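# Chains, contacts and geometry: an overview
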Amino acid sequence: MAIHENLLGGPPPTHLPDDPEPRELLAAGTAPAEVAAKYPASSLAWAQLADDAFAEGRTIESYAFARTGYHRGLDALRRSGWRGQGPVPFEHEPNRGFLRALHALARAAGAIGEQEEYERCATFLRDSSPTAADTLS
């Protein structure tokens, strides 16, 4: 049996293509704003901006950064064949930027009292990747 084989007949897992440059720049200590400016389609760069803003108490900025990363990730998922449902495995490293942005959006929405958005994003995260929901929470 193949790893990630869906025995329930649902959509197959979506694996985003690897985009190592933003990840490598962030790992090397390049400022996330610089990485996002150079690679605006990188959900990972926007997720890092969201995490940094949230850690500094800039919740509204975190929300905006997370929403940008989330939408960039949705665009990438759709280009990769995702049709609005199905697994987006955290185990596949290129998926992590989108999943981190989704988590950051849920966190910021909860912090500003946007309960409906928090619940939608938290459910979407858990449905996409239980591992991400457990790891990022």
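To keep things clear, this report deals only with the structure shown in the data block. Since this is a predicted model, take the numbers as computed values, not measurements.

## Remarks on the overall build of the protein chain
- Broken down by element type, the protein chain carries seven helices and zero strands.
- Reading the secondary structure of the protein chain in the N-to-C direction produces α-α-α-α-α-α-α.
- Over its C-alpha trace the protein chain gives a radius of gyration of 15 Å, about what one expects of a compact globule, namely 14 Å for 137 residues.
- Along the first, second and third principal axes, the C-alpha set of the protein chain runs to 45 × 35 × 25 Å.
- Sorting the 137 residues of the protein chain into buried and exposed places 39% on the buried side.
- For the protein chain, the share of sequence-separated contacts (at least 6 apart) that also reach a separation of at least 24 residues comes to 61%.
- For the protein chain, the computed accessible surface area is about 7400 Å², with 53% contributed by carbon and sulfur atoms.
- If you average the places of the 13 positive and of the 19 negative side-chain charges in the protein chain, the two averages end up 3 Å apart.

## Considering helix H3 (residues 43-55)
- Under the 1.5 Å per step criterion, the end-to-end length of H3 is 18 Å for 13 residues, consistent within 8% with the ideal 18 Å.
- What H3 keeps buried is the set Ser43, Leu44, Ala45, Trp46, Ala47, Leu49, Ala50 and Ala53.
- Residues of H3 that are buried in the fold lie against helix H1 (20-27), helix H2 (32-38), helix H4 (59-79) and helix H5 (96-111).
- The first or second residue beyond H3 is Gly57, which carries a positive phi of 80 degrees.

## Overview of the layout of surface pockets
- Considering only enclosed or pocket space, the largest pocket measures out at about 370 Å³ in volume.
- Around the largest pocket, the lining comprises 20 residues; the ones closest to its centre are Leu16, Pro17, Asp19, Ser43 and Pro94.
- It is H4 that contributes the most residues to the lining of the largest pocket, four residues altogether.
- Its residues assigned to classes, the lining of the largest pocket shows eight nonpolar, five polar and seven charged.

## What to know about the environment of Ala104
- Among the structural elements, Ala104 can be located in helix H5.
- In the structure, Ala104 is positioned 33 residues away from His71 in sequence and 13 Å away in space, judged by C-alpha atoms.
- With residues near it in sequence (within four places) discarded, Ala104 still touches Ala50, Asp51 and Ala66.

## Section: the side chain of Ser128
- Positionally, Ser128 belongs in helix H6 (residues 115-128).
- Looking at Ser128, the relative accessible area reads 3%, which means it is buried.
- The contacts of Ser128, once residues within four sequence positions are left out, are Gly86, Pro87, Val88, Pro89 and Leu99.

Rules used in this analysis
- Residues numbered from 1 in each chain as written.
- Predicted model: local features only at pLDDT ≥ 70, side-chain atom pairs only at ≥ 80, totals over all residues.
- Heavy atoms only, no water.
- Helix = DSSP H or I, 4+ residues; strand = E, 2+ residues; numbered from the N terminus.
- Rg over C-alpha atoms; globule rule 2.2 N^0.38 Å.
- Buried < 20%, exposed > 50% of the residue type's maximum accessible area, 1.4 Å probe, protein only.
- Contact = heavy atoms within 4.5 Å.
- Areas by Shrake-Rupley, 256 points an atom, 1.4 Å probe, with all protein chains shown as cover.
- Lys, Arg positive; Asp, Glu negative; His and termini not counted.
- Charge placed at Lys NZ, Arg CZ, Asp CG, Glu CD.
- Expected span 1.5 Å × (residues − 1).
- 1 Å grid on protein atoms, 1.4 Å probe; cavity = no way out; pocket = protein on both sides within 12 Å on 5 of 7 lines; lining within 4 Å.
- Points joined across faces, edges and corners; volume = space filled by probe spheres on them.
- Nonpolar A, V, L, I, M, F, W, Y, C, P; charged D, E, K, R; others polar.

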